[in-house]
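Structure assessment
The primary structure of each chain is shown beneath.
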Amino acid sequence: MAYLDSLIQKCNSLALTHIKQLQAHFITGGHFQFCTSHRTKLLELCSISPAGDLSHATRIFHQIQNPSTNDWNAVVRGLASGPEPSKAISWYRTMSRYSHRVDALTCSFTLKACARALARSEAIQIHSQVLRFGFDADVLLQTTLLDVYAKVGDLDSAEKLFDEMSVRDIASWNALVSGLAQGSRPSEAIALFKRMGVEGWKPNEVTVLGAQKLDMNVQVCNAVIDMYGKCGFADKAYKVFENMGGRKSLVTWNTMIMAFGMHGDGAKALELFEQMGITGVHRDAVSYLAALCACNHAGLVEDGVRLFDSMAGSGVRPNVKHYGSVVDLLGRAGRLKEAYIIINSMPMFPDVVLWQSLLGACKTYGNVEMAEFASRKLLEMGSKSCGDFVLLSNVYAARERWNDVGRVREAMKSRDVKKIPGFSYIEVDGVIHKFINGDQSHANWCEIYAKLDEINFQVKAYGYVAETNFVLHDIGQEEKENALCYHSEKLAVAFGLISTSEGTPIQVIKNLRICGDCHAVIKIISKIYDREIIVRDRARFHRFKEGLCSCRDYW
């Protein structure tokens, strides 16, 4: 019978005419009714090969006196992948009605037809038969059934089946990820995608394709843009934004503008803001706030003031946050009197944040009189934020008014106000490492301090001089320099340098505003060690690269 195998093999790449000639040879040679394996292969040639013909396959099948299960499967398989998959389901019913033996493959092919025909009720019936026949231990069959439930939108049944599977393969994960992604449960799809990694499964191309279906969900895209923006990847956020095409919502635009603003790219943020108007998207109060914040972080004072003044003409009434952003913008630029005038001209009662912004600007520019005024306003409003006291204390310390510094500290004690300690943390190999100023509690503190000593030697070769004016304590110059050396952000960066391979970006998060001296040092570190270093402080991102910072030294 080897020559029959050879003939069948040749027909795989030949036309239907040759398949019919082979069929005639089988019939005239007496092999058609008795050589079941070759007959089944002939049926498969007709039903699933590129040269086949489904209608001819069914004609061949009807000439068989006692068709085997494999004969049935050949036709069911062909119909399931054909233009009318519901016919495969009909054949399955006929097969069951006449008590022909159904096997796992029959169920699998018919379930694929159910998936294509979106035949949920038929899939449920076949599921019950799978259990009755004892095929439920077949992982491939269970995965096919899972895929059907996912595709017909019965996600509850899909998840239940997935949870009940004693053994899963990558296809099982892919089927459910894809189903959840296409359905109304994008957050669950993302959670399952993450769970794969936790349980040791590596997503393949099919998994990624399934997850990419989430892109069709605008809310998910908005969340991804927000996530990338808050994690320091404005460029990746913008790629998602661009790939959304015309499906952007108002929230999409606002989120992207805010992301650019946090990264100091005010020009790009304002460009998007203008594009909103051109594309017909109505800009709301959040749009203006995002653009104002972008101007604030980028030092675009005139653009910010112009934007604020244009709000009324655009039908958007400024709220306290818009006023706060403009006060902060003017204060950072040293225009303290204008900031104060804005506060007094507000149609609503100024909140604590506005006076804190003004107080912070007074600290930057050393305006003691206005700092005291802002501080009194904060006390009148009942603010007990440690930052308010610390800012006023720093204003006095910068002028070496140590008695006034002591008075402020006593006031903090009497009001039980405690200063929040600065800390920084960095994630390496999935573990978060936290540092405070002068920290020696880390297991690798000796190596970290040795690296800092190396850094201090290296940066001085680049002309660095410790900016001791940032140490607002009544201590000597050498003590001030030592105090600056071991700030938490420097410790975190040093740990990142010794714990990651060359060229790997370093990300540090700090709970307070980065200090000026650390900012200057990290710029030089990025150049010396050829590292991109991203520091997220309480207000914004600083992306250090090749000796420069994305904030352009304005923060």
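Residues numbered from 1 in each chain as written. Predicted model: local features only at pLDDT ≥ 70, side-chain atom pairs only at ≥ 80, totals over all residues. Heavy atoms only, no water.

Our working definition: UniProt positions are given in the numbering used here, feature names are shortened, and annotations may be inferred rather than shown by experiment.
In the annotation of an unreviewed UniProt entry, the protein is listed under the name DYW domain-containing protein and assigned to Lithocarpus litseifolius. The record in UniProt for the protein states the following under Sequence similarities (unreviewed entry): "Belongs to the PPR family. PCMP-H subfamily."

What about the overall build of the protein?
Put simply, the test is: A run of H or I in DSSP becomes a helix once it reaches four residues, and a run of E becomes a strand once it reaches two; helices and strands are each numbered from the N terminus. Think of it in three bands: residues with accessible area under 20% of the maximum for their type are buried, residues over 50% are exposed, and the middle band is partly exposed, with areas taken using a 1.4 Å probe on protein chains only. Pairs of residues are marked as contacts when any of their non-hydrogen atoms sit within 4.5 Å. Accessible areas in this description were obtained via Shrake-Rupley with a 1.4 Å probe; residue shielding takes into account the shown protein chains only.
The helix and strand inventory of the protein stands at 29 helices and six strands. Here the protein holds 555 residues, and the buried ones make up 47% of them. Taking all contacts inside the protein whose residues are at least 6 apart in sequence as the whole, residues at least 24 apart take part in 61%. As displayed, the protein offers around 27,800 Å² of accessible surface, 53% of which is attributable to carbon and sulfur atoms.

Thoughts on the confidence of the model for the protein
Quick note on the threshold: Summary of the metric used: pLDDT quantifies the predictor's per-residue confidence within the range 0 to 100.
Of the residues in the protein, 86% have a pLDDT of 70 or more, and the chain-wide mean is 83. Low pLDDT, under 50, characterises residues 470–481; the stretch is placed with 21 contacts to residues that sit more than four places away or in other chains.

So, the packing of helix 17 (residues 266–278) against helix 18 (residues 285–298)
The condition is simple: Axis definition: a line fitted to C-alpha atoms, over the contacting stretch in the case of helices. Angles run 0 to 180 degrees between N-to-C directions. Should an angle fall under 35 degrees it is taken as roughly parallel, and over 145 as roughly antiparallel, whereas 65 to 115 is taken as roughly perpendicular and any remaining angle as oblique. Should the near helix be turned counterclockwise from the far one by less than a right angle, the crossing is left-handed, whereas a clockwise turn marks it as right-handed. Gly is put with the polar residues, along with every residue not named as nonpolar or charged; the nonpolar set is Ala, Val, Leu, Ile, Met, Phe, Trp, Tyr, Cys and Pro, and the charged set is Asp, Glu, Lys and Arg.
One can describe the packing of helix 17 onto helix 18 by two numbers: an axis separation of 8 Å at closest approach and a directional angle of 160°. Classified by the angle between their axes, helix 17 and helix 18 sit roughly antiparallel to one another. Judged by the twist between their axes, the crossing of helix 17 over helix 18 is left-handed. Each of Gly 266, Ala 269, Leu 270, Phe 273 and Met 276 in helix 17 lies in contact with helix 18, whose residues at this interface are Ser 287, Tyr 288, Ala 291, Ala 294, Cys 295 and Ala 298. Taken together, the residues of the contact of helix 17 with helix 18 break down into nine nonpolar, two polar and no charged.

Quick look at the UniProt feature "repeat: PPR" (unreviewed entry) in the protein
Here the UniProt-annotated "repeat: PPR" (unreviewed entry) positions come out as residues 138–168, 169–203, 217–247, 249–283 and 284–318. Strand forms 0% of residues 249–283 and helix 74%; the C-alpha atoms that close the span are 11 Å apart.

A look at the pairing of strand 1 (residues 423–428)
The condition that has to hold: Strand pairing is defined by DSSP finding a minimum of two bridges between the two strands.
Alternating residues of strand 1 divide into Ser 424, Ile 426 and Val 428, all buried, and Phe 423, Tyr 425 and Glu 427, none buried. Note: strand 1 against strand 2 (residues 431–436), six bridges, orientation antiparallel. Bridge assignment links Val 428 to a residue of strand 2, and that residue is Val 431. In this antiparallel pair of consecutive strands, strand 1 and strand 2, the connection spans two residues, and Asp 429 shows a positive phi of 55°. Of the pairings in the sheet, the one linking strand 1 to strand 3 (residues 506–510) comprises two bridges and is antiparallel in character. Paired with Tyr 425 across the bridge in strand 3 is Ile 509.

Considerations on the sheet that holds strand 2
The strand order 2-1-3-4-5-6 describes an open sheet built from six strands, whose pairing is mixed. Because the sheet does not close on itself, it has two edges, and the strands there are strand 2 and strand 6 (548–549). Looking at chain direction, strand 4 (residues 533–536) and strand 5 (residues 541–545) are connected through four bridges and run antiparallel. In the sheet register, Arg 536 faces strand 5, and the bridge partner there is Phe 541. Strands in contact with helix 28 (residues 488–499) are strand 1, strand 2, strand 3 and strand 4; relative to strand 1, the strand with the most contacts, it is inclined by about 15°.

Focus on the pattern of salt bridges
Rules: Salt bridges are counted wherever a side-chain nitrogen of Lys or Arg sits within 4 Å of a carboxyl oxygen of Asp or Glu.
Taken as a whole and judged by the stated rule, the model has 21 salt bridges. Close ionic contact of Glu 84 with Lys 87 constitutes a salt bridge, the shortest N to O distance being 3.2 Å. A relative accessible area of 44% places Glu 84 in the partly exposed class. Where Glu 199 meets Arg 195, a salt bridge forms, and the shortest distance between an N and an O atom there is 2.8 Å. For Glu 199, a relative accessible area of 38% corresponds to the partly exposed category. Relative accessible area serves as the criterion here: at 29%, Arg 195 is assigned to the partly exposed category. Residues joined in a network through salt bridges with shared partners are Glu 372, Arg 401, Asp 404 and Arg 407.

With respect to the nonpolar core
One recurring pattern in soluble globular proteins: nonpolar side chains tend to sit buried together. To keep things clear, this is the line we draw: Residue types Ala, Val, Leu, Ile, Met, Phe, Trp, Tyr and Cys, when buried and joined through side-chain atoms within 4.5 Å, form a set referred to as a nonpolar core.
Counting residues in hydrophobic clusters, the biggest one holds 61 residues, and the most contacted among them are Met 256, Leu 272 and Leu 358. The next biggest cluster of nonpolar side chains, apart from the first, holds 51 residues, and it includes Ala 88, Cys 107, Ile 126 and Ala 189.

Quick word on helix 26 (residues 445–461)
What counts here: An expected span of 1.5 Å times one less than the residue number is assigned to each helix. Note that the arc is computed from the directions linking the helix axis to the C-beta atoms.
In this model, helix 26 (17 residues) spans 25 Å end to end at C-alpha, consistent with the 24 Å of a helix rising 1.5 Å per residue. Every buried residue of helix 26 is listed here: Ile 448, Tyr 449, Lys 451, Leu 452, Ile 455, Asn 456 and Val 459. When helix 26 is viewed along its axis, its buried side chains cluster within an angular range of 155° and face the same direction. Away from its buried face by more than 90 degrees, helix 26 exposes Phe 457 and Ala 461. Directly beyond the C-terminal end of helix 26, a positive phi value near 90° is found at Gly 463.

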